[in-house]
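Read off the chains here:
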Amino acid sequence: MNSKFENLGVKPADILLPKAGTDMHRWAVVACDQFTSQPEYWEEADRIAGDAPSTLRLILPESKLGDANVDEHIAAINRSMEDYLARDIFTTHGEAVIYIERTQSDGAVRPGLVAAVDLEKYDYTPGSGSLIRATEGTVLERIPPRVRVRKDAPIELPHVMLLIDDPEKICVEPITAAKDSMERVYDFDLMLKGGHLTGWKLSARQMDQLADALGRLASDDAMESKYGLRGVAPLLFAVGDGNHSLATAKTCYENLKKVTPEDQWASLPARYALVEIENLHDDALKFEAIHRVVFGVDPEKLIAAFKEFYPNAHEGPGVGHTVTYTHAGGAGCLTVPNPRVQLAVGTLQNFLDAYLKENGGEVDYIHGDEVTDELGSKPGNIGFKLPAMGKDQLFKTVIADGVLPRKTFSMGHAEDKRYYVEGRKIK
């Protein structure tokens, strides 16, 4: 390993990519946690992938995670992974970092870096002082079903996106400027309105420069200049997307440590997880609110319960936290003056957690106003739309408060989420 990366929680990786001639349009599919309430999306992805090599055969859409035959799904995924390895469809790019450019649905180009992070440097516990931290509360009961998918898999495919707080743009942007002199490893249109994706390999010199720049971001001087703090544990990477996937990788690694001599931990492939790294300050990176749709409830009773939960809440806009709602009987908004928490998402989520525990029903987390209204307007449902959080609040809030409320923000629309392209052996 390049020694410059040793204490940065990230390193180059042996990255698997399909060999030349693979139909990349059919290979790449969107992150498994998207379109969970829209099975027609995944049906269309299946139609497009057909019998071609595709990451669709290597991942489990979360909409299927609760299926009665989920074990059969997982076994089929593992068989596909073994089959792809046996058929030698991959090229291994050794000790590589890949620079990528994603053309989003709005036409903006979002740059990023694909590399491996050290799970020893990651902790999802609220208030952790680790170099890599969760940005939202981790729901522990969501991890075991995902562990079942990963624990026997020979390959990982990343949809985790980590953020760096790099206002001076010293890490990713110098690579952007040099891309024309780099080796291009893929360039293709993504399926189902996903935009376009191009990838280039970093040179050894570029990787050295990246390590130096990341080191400066993690320095005491950087922590003081950005947050007014000195002598505190640095926060270099904040999880922007895929928190539960990274927590699952961490759990699988910790489970392996229990049955592996300590002097072998460093050599465990499962110690690392492939991620995409993006600069929080890139103009193409937009924070979108994540809305809520509650299924299997009486909307009028739920709204009445909201007003009981917050006795000062009232219908209509006002000063405080305001959330809008849509159900089969109509639409409106609720305002809670003098809220007890910092963000409107926290006000709503605290109520929903208590209400659903007492009364039953299910909540899904939805990207996009139109989908929220469409699903919320169906009988027995109610959709809630939330305001977006400012990007400048992220790192400061994680350092000060530990984590944000669950599902506070999304980085862009569902179609703009990370698509599975690169892989890495974890056994």
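What this report covers is the structure whose coordinates are included nearby.

Here's the deal with the pattern of salt bridges
Now for step 1: Under the definition given, this model contains 27 salt bridges.
Now for step 2: The salt bridge partner of Arg230 is Asp221, with a shortest N-O separation of 2.9 Å.
Now for step 3: Within the structure, one salt-bridge network assembled from shared partners comprises Glu120, Lys250, Glu254 and Lys257.

Topic: the layout of surface pockets
Now for step 1: As a volume, the largest pocket reaches approximately 900 Å³.
Now for step 2: Forming the walls of the largest pocket are 42 residues, and the residues nearest its centre are Asp33, Thr36, Asp364, Tyr365 and Lys407.
Now for step 3: Put simply, the parts of the chain that give the lining of the largest pocket at least two residues each are helix H4 (143-150), strand E13 (237-241), helix H8 (243-257), strand E20 (362-366), helix H11 (369-376) and strand E22 (409-411).
Now for step 4: Looking at which element gives the most residues to the lining of the largest pocket, the answer is E20, with 5 residues.
Now for step 5: Of the residues contributing to the lining of the largest pocket, the split by class is 11 nonpolar, 17 polar and 14 charged.

Considerations on the nonpolar core
Now for step 1: If you look at the biggest cluster of nonpolar residues, it comprises 49 residues, and the most contacted ones within it are Ile15, Trp27, Tyr186, Phe188 and Val421.
Now for step 2: Those residues in contact with Trp27 that sit more than four places away from it in its chain are Pro18, Thr22, Pro53, Ser54, Thr55, Leu56, Leu58, Tyr84, Ile89, Phe90, Tyr420 and Val421.

Focus: the sheet that holds strand E17 (residues 314-315)
Now for step 1: Across the sheet, 6 strands lie side by side as E17-E19-E18-E21-E16-E20; this open sheet has antiparallel pairing. Pairing within the sheet leaves two strands with one partner each, and these edge strands are E17 and E20.
Now for step 2: Where strand E16 (residues 291-295) and E20 come together, 5 bridges link them in antiparallel fashion. The residue bridging Val294 from the neighbouring strand is Val363, located in E20.
Now for step 3: The strands touched by helix H10 (residues 344-359) are E16, strand E18 (321-327), strand E19 (330-336), E20 and strand E21 (381-385); relative to E16, the strand with the most contacts, the crossing angle is about 15 degrees.
Now for step 4: The strands that H11 touches are E16, E18, E20 and E21; relative to E21, the one it contacts most, it runs at about 155 degrees.

Here we look at unusual backbone geometry
Now for step 1: A positive phi angle, close to 60 degrees, is found at Asp88, a residue other than glycine.
Now for step 2: Here Asp88 shows up in the loop between helix H3 (70-86) and strand E4 (90-96).
Now for step 3: For Asp88, a relative accessible area of 46% gives the class partly exposed.

Some details on empty space enclosed by the protein
Now for step 1: Evaluated as defined, the whole model comprises 4 cavities of 30 Å³ or more.
Now for step 2: A volume near 430 Å³ is recorded for the largest cavity.
Now for step 3: In terms of lining, the largest cavity is formed by 25 residues, of which the most central are Cys32, Val149, Arg150, Leu157 and Ser245.
Now for step 4: Among the secondary structure elements, those contributing two or more residues to the lining of the largest cavity are H3, H4, strand E9 (155-156), H8 and strand E14 (272-279).
Now for step 5: With 4 residues, the single largest contributor to the lining of the largest cavity is H8.
Now for step 6: Split by residue class, the lining of the largest cavity holds 18 nonpolar, 3 polar and 4 charged.

Some points on the packing of H4 against H8
Now for step 1: Taken N-terminus to C-terminus, the directions of H4 and H8 make an angle of 65 degrees; their axes are 9 Å apart at the nearest point. With respect to H8, the axis of H4 lies roughly perpendicular. Crossing hand, H4 versus H8: right-handed. Contacts between H4 and H8 involve Ile143, Arg146, Val147 and Arg150 from the former and His244, Ala247, Thr248, Ala249, Thr251 and Cys252 from the latter.
Now for step 2: Considered class by class, the residues forming the contact of H4 with H8 number 5 nonpolar, 3 polar and 2 charged.

Parameters at a glance
Residues numbered from 1 in each chain as written. Predicted model: local features only at pLDDT ≥ 70, side-chain atom pairs only at ≥ 80, totals over all residues. Heavy atoms only, no water. Salt bridge = Lys/Arg side-chain N within 4 Å of Asp/Glu carboxyl O. 1 Å grid on protein atoms, 1.4 Å probe; cavity = no way out; pocket = protein on both sides within 12 Å on 5 of 7 lines; lining within 4 Å. Points joined across faces, edges and corners; volume = space filled by probe spheres on them. Helix = DSSP H or I, 4+ residues; strand = E, 2+ residues; numbered from the N terminus. Nonpolar A, V, L, I, M, F, W, Y, C, P; charged D, E, K, R; others polar. Core = buried A, V, L, I, M, F, W, Y, C linked by side-chain atoms within 4.5 Å. Buried < 20%, exposed > 50% of the residue type's maximum accessible area, 1.4 Å probe, protein only. Contact = heavy atoms within 4.5 Å. Pairing = 2+ DSSP bridges. Axes fitted to C-alpha atoms, helices over the stretch in contact; angles between N-to-C directions. Parallel < 35°, antiparallel > 145°, perpendicular 65-115°, else oblique. Left-handed = near helix turned anticlockwise from the far one by under 90°.

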